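Overview (structure and organization)
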Amino acid sequence: MKRGIHPAYAPVKITCACGSEWETRSTHKGEIHLEICSACHPFFTGKQKLVDTAGRVERFRRKYAKTKALQN
């Protein structure tokens, strides 16, 4: 490997919205904040729950409410 061309690979702290925290190594500087992780994701937990990220479900409903109103 050539010297001086590779990014720094340092320990970082990862925090999920569910409260789960762990430490890993990454080239990312600072902490990493997640909205969903393997501790709270329905695929890994087996529990089904609605995950509305940044209002996507509500935006979808508003969009199709307009088209439904135009059809009537």
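Everything in this summary refers to the structure shown in the same document. (Residues numbered from 1 in each chain as written. Predicted model: local features only at pLDDT ≥ 70, side-chain atom pairs only at ≥ 80, totals over all residues. Heavy atoms only, no water.)

Another aspect to go through is the state of the cysteines. What is meant by a disulfide is a covalent connection between two cysteines, made through their sulfur atoms. Throughout the structure, instances matching the rule amount to 0 disulfides. Here C16 stays free of any disulfide, with the sulfur of C37 as its closest cysteine sulfur at 3.5 Å. Lacking any disulfide linkage, C40 is separated from the closest cysteine sulfur, that of C16, by 3.7 Å. Look at C40 and you get buried, because its relative accessible area is 11%. (Disulfide = S-S within 2.5 Å. Buried < 20%, exposed > 50% of the residue type's maximum accessible area, 1.4 Å probe, protein only.)

Among the surface-exposed residues, R56, R59, R62 and K66 lie close enough to one another that they form a single positively charged patch. Residue position: K66 is located in helix α2 (residues 56-71). Overall, the relative accessible area of 60% leaves K66 in the exposed class. (Patch = residues over 30% accessible without salt bridge, like charges linked within 9 Å, V, L, I, M, F, W, Y side chains within 5 Å. Areas by Shrake-Rupley, 256 points an atom, 1.4 Å probe, with all protein chains shown as cover. Salt bridge = Lys/Arg side-chain N within 4 Å of Asp/Glu carboxyl O. Lys, Arg positive; Asp, Glu negative; His and termini not counted. Charge placed at Lys NZ, Arg CZ, Asp CG, Glu CD. Helix = DSSP H or I, 4+ residues; strand = E, 2+ residues; numbered from the N terminus.)

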